[in-house]
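# Chain and residue survey
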Amino acid sequence: GLRLPPSAGSASGVLPNPVGYNRVYVYCGEQLDYDTWWENLRAGKVVVTNGPLIRDPRVNGELPGHVFTAGEGQTVSLQATLNLSIRDPVDYLEIVKNGQSILQVRLQDWAEAGGRLPLVEFDESGWMLIRAVTNHPKTYRFASTGPYHVEIGGQRRVSQSAAQFFLDWVYERARSLNLPAQEKREDVLQYHRTARDIWQRLVDGANAE
């Protein structure tokens, strides 16, 4: 139920990644400045990658982060188009719908379709994104758009399993804290408690698996 845009960072110096290995690209249009970049990152107009670059991805002409709406009982049909810039061979393009991979399309088939991917149908609220996956022997190297959202009947999709995952993660992180000073521990735990309450409400109010 939370529309969280993906972002990326290399964690160089903490992990054995070179600077710039994991990257986020934000669509800014004609106005490339600090405020526009952050505003559009929050809006989900992004592509993240550690390899290939998905360029100008559109679904029904819209950028990532767009919310498609329809009335109760209606169906939404979405078709994605995109361009690619690649160095490593891309094995396939993939459409992920509501957390599940539903389509894998070879590049030859995508090219023969004029850069279009197959239609994706929604008869209830949900989301989808597009991934480009390389056949790299040493690491999982891919690019992903931010999600596109579908809201039917004015209701967001709230996945119980996804919310439970993050609720469990909050508890796990809280248990792993190693802060001997009680005062500092309480300062940190207040944010964990806030996050716990948010995810618990989502678990309790979920309308999907």
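Each chain carries its own residue numbering, running from 1 in the direction its sequence is written. The model is predicted, so local features are restricted to residues of pLDDT at least 70 and side-chain atom pairs to those at 80 or more, both for listing and for counting; the totals for chains, interfaces and linings are taken over all residues. Based on all heavy atoms of the structure, the side-chain values leave hydrogens and waters out of the count.

Here we come to the packing of aromatic side chains. Two aromatic rings, drawn from Phe, Tyr or Trp (for Trp, its six-membered ring), form a pair once their centres lie within 6.5 Å of each other, and the interplanar angle then sorts them: stacked below 30 degrees, edge-to-face above 60, tilted otherwise. Within the structure shown, the criterion is met by seven aromatic pairs. Taking the centre distance of 5.1 Å and the plane angle of 80 degrees together, the rings of Trp37 and Trp38 count as edge-to-face. By relative accessible area, which is 25% here, Trp37 ends up partly exposed. Remark: exposure states derive from per-residue accessible area (1.4 Å probe, protein chains only) relative to the maximum for the residue type, with buried under 20%, exposed over 50%, and partly exposed in between. Of the residues examined, Trp38 reaches a relative accessible area of 36% and is grouped as partly exposed. Plain terms: the ring middles of Phe166 and Trp169 are 5.9 Å apart, the flat faces sit at 35 degrees to each other, and that makes the pair tilted. Of the two residues, Phe166 and Trp169 are both situated in helix H3 (residues 160-175); the distance of three residues between them amounts to about one turn of the helix. Given the relative accessible area of 27%, Phe166 is considered partly exposed. A ring is scored as having a charge over it whenever the NZ atom of a lysine or the CZ atom of an arginine sits within 6 Å of its centre and within 35 degrees of its normal. We note Arg58 situated over the ring of Tyr27; from NZ or CZ to the ring centre the distance is 5.7 Å. Only DSSP runs of H or I reaching four residues or more are called helices, and only runs of E reaching two or more are called strands; each is numbered from the N terminus.

What follows concerns the pattern of salt bridges. The salt bridge criterion pairs a side-chain nitrogen of Lys or Arg with a carboxyl oxygen of Asp or Glu, the two atoms within 4 Å. Summed over the entire model, instances satisfying the criterion amount to seven salt bridges. Here Arg141 makes a salt bridge to Asp88, at a shortest N to O gap of 2.8 Å. A residue pair is termed long-range when its members are at least 10 positions apart, and Arg141 in the loop between strand S10 (126-134) and strand S11 (142-145) and Asp88 in the loop between strand S6 (80-85) and strand S7 (90-97) qualify at 53 residues. By relative accessible area, which is 23% here, Asp88 ends up partly exposed. Ionic pairing is found between Asp91 and Arg106, a salt bridge with its closest N-O pair at 2.8 Å.

The values are spatial; any link to function lies outside them.
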